Amino acid sequence: MAEPSYTTLPTSHLPGSVPAVITEERASAIQQDPEANMQIFPPNSGGGGRGYQTLPSPSDGNGPLPGNNWNGAFSVSSYTQYFNVDTDDVVNRLTSSLYPTGDFFRKIEANPDLYGLIWITTTLVFVVASFGNCATYLMSKKTDSSISWSFDVNYFQVSAMAIYGYAFLVPLGFYLLLQYFGSKVALIHFWCMWGYSLFIFIISSLLLVIPVDFIRWIITLITGIASAAFIGLNLKSHVELNDLTIVLVAACVLQFALAIFIKSWFFH
């Protein structure tokens with residue numbers, strides 16, 4: 001068995017010093033160890049001193065550098081967690097919005113998403129504008145086939161402002177109101193719930209193309225009642241503790257009013 005070689009440190013010039021030895025493997029490990037910490041010397045030996053202080057190591061480039069808390073609000077990576085849903089999650093939440101049972105907050109508690117809000121509102125904007133024009137065309141031809149008809153591009157502008165504004169501002173308003181009264185539900189849960197509550201409007205917009213005004217009003221009433229019930233049942237548990245029935249009624253009225261607005265403006 002080969003004997004390990006040793007390296008003698010040049011300390012003979014120091015009076016009374018004893019030569020120190022160190023193996024070559026140990027010396028190489030010390031020189032190459034990137035995790036070695038440098039410490040400030042001498043330590044503060046006083047009662048309130050901090051002793052040896054480890055200097056922070058520079059970032060290796062793999063992790064984010066520390067910065068202002070506002071930086072996260074403008075970083076795309078900060079929002080990726082709210083799109084971490086698969087097809088089964090989305091389908092389950094869409095189904096829950098059509099069959100309101102009041103447990104939607106429980107279903108999304110561990111993983112609320114913005115995918116439904118963005119996808120549903122954007123789809124609804126285009127569906128309402130395009131099928132609204134189609135319904136207007138069918139009604140005009142039913143009344144008088146000789147009347148000229150032109151595609152109204154303003155439908156897209158109105159639907160975008162109304163639907164996006166409703167989907168983002170109304171949940172924000174109720175969130176701030178309930179936070180004032182002590183609710184602990186996060187804003188992302190409100191946006192998630194209101195986003196999925198609009199899914200039924202996509203279905204009703206497809207049916208509102210039927211050129212019979214009486215049937216259109218029946219579809220509108222069913223849509224308004226169903227979406228208002230979904231919002232009301234899920235908000236109920238958060239307003240009962242503070243006896244805020246008026247808030248619950250206001251949320252249902254706004255949801256029903258949206259159904260009336262879509263029918264009156266785009267499918268008149």
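The rules behind these values
Residues numbered from 1 in each chain as written. Predicted model: local features only at pLDDT ≥ 70, side-chain atom pairs only at ≥ 80, totals over all residues. Heavy atoms only, no water. UniProt positions renumbered as here; feature names shortened; annotations may be inferred. Core = buried A, V, L, I, M, F, W, Y, C linked by side-chain atoms within 4.5 Å. Buried < 20%, exposed > 50% of the residue type's maximum accessible area, 1.4 Å probe, protein only. Helix = DSSP H or I, 4+ residues; strand = E, 2+ residues; numbered from the N terminus. Contact = heavy atoms within 4.5 Å. Expected span 1.5 Å × (residues − 1). Arc of directions from axis to C-beta. Phe/Tyr/Trp six-rings, centres within 6.5 Å; stacked < 30°, edge-to-face > 60°. Polar contact = N/O pair within 3.5 Å; in protein donor to acceptor, adjacent residues only side chain to side chain. Patch = residues over 30% accessible without salt bridge, like charges linked within 9 Å, V, L, I, M, F, W, Y side chains within 5 Å. Areas by Shrake-Rupley, 256 points an atom, 1.4 Å probe, with all protein chains shown as cover. Salt bridge = Lys/Arg side-chain N within 4 Å of Asp/Glu carboxyl O.

- As recorded in an unreviewed UniProt entry, the protein chain goes by the name Protein YIP, listed as coming from Tagetes erecta.
- One UniProt comment on the protein chain, placed under Sequence similarities (unreviewed entry), says "Belongs to the YIP1 family."

1. A few points about the nonpolar core
- If you look at the biggest cluster of nonpolar residues, it comprises 53 residues, and the most contacted ones within it are Phe190, Met193, Trp194, Leu198, Phe201 and Leu235.
- If one sorts the elements of this core by residue count, helix α5 (residues 154–180) sits on top with nine residues.
- Excluding residues that lie within four positions of it along the chain, Met193 makes contacts with Phe104, Phe105, Phe230, Ile231, Asn234 and Leu235.

2. Things to note about the UniProt feature "transmembrane region" (unreviewed entry) in the protein chain
- Per the UniProt record, the feature "transmembrane region" (unreviewed entry) sits at residues 114–138, 158–178, 185–208, 214–233 and 245–266.
- Helix makes up 83% of residues 185–208 and strand 0%, whereas the separation of the span's terminal C-alpha atoms amounts to 35 Å.

3. Description of helix α2 (residues 87–98)
- With 12 residues, α2 should cover 16 Å at 1.5 Å per step; its first-to-last C-alpha distance of 17 Å lies within 8% of that length.
- Those residues of α2 that fall on the buried side of the exposure criterion are Val90, Arg93, Leu94, Ser96 and Ser97. Down the axis of α2, the buried set is contained in an arc of 160°. They therefore lie on one face. The exposed residues of α2 that point more than 90 degrees off its buried face are Thr87 and Asp88.
- On the buried face of α2, the contacting elements are α3 (104–108), α4 (115–143), α6 (187–197), α7 (199–207) and α8 (213–239).

4. Let's talk about the packing of aromatic side chains
- Counted by the stated rule, this structure contains 13 aromatic pairs.
- Note on Phe174 and Trp194: the rings are 5.4 Å apart at their centroids and 25° apart in plane angle, and the pair reads as stacked. Taken together, the residues Phe174 in helix α5 and Trp194 in helix α6 connect sequence positions 20 residues apart.
- Residue classification places Phe174 among the buried residues on the basis of a relative accessible area of 7%.
- Trp194 sits in the buried class, given a relative accessible area of 0%.
- Note on Phe190 and Trp194: the rings are 6.3 Å apart at their centroids and 20° apart in plane angle, and the pair reads as stacked.

5. What to know about the side chain of Asp113
- You can see Asp113 is positioned in the loop between α3 and α4.
- Judged by relative accessible area, which is 0%, Asp113 ranks as buried.
- Of the polar contacts made by the side chain of Asp113, one reaches the backbone nitrogen of Tyr115; its length is 3.1 Å.
- A polar atom in the side chain of Asp113 sits 2.8 Å from the backbone nitrogen of Gly116.
- Setting aside its immediate chain neighbours within four residues, Asp113 contacts Tyr82, Val85, Arg93, Cys192 and Tyr196.

6. Some details on a nonpolar patch on the surface
- Taken together, the side chains of Leu98, Tyr99, Ile203, Leu207, Ile210, Val212, Phe214, Ile215, Ile218 and Ile222 define a hydrophobic patch exposed on the protein surface, amounting to about 890 Å² of accessible area.
- The element contributing the most residues to the nonpolar patch is α8, with four residues.
- Within the fold, Ile203 resides in helix α7.
- With a relative accessible area of 34%, Ile203 lands in the partly exposed category.

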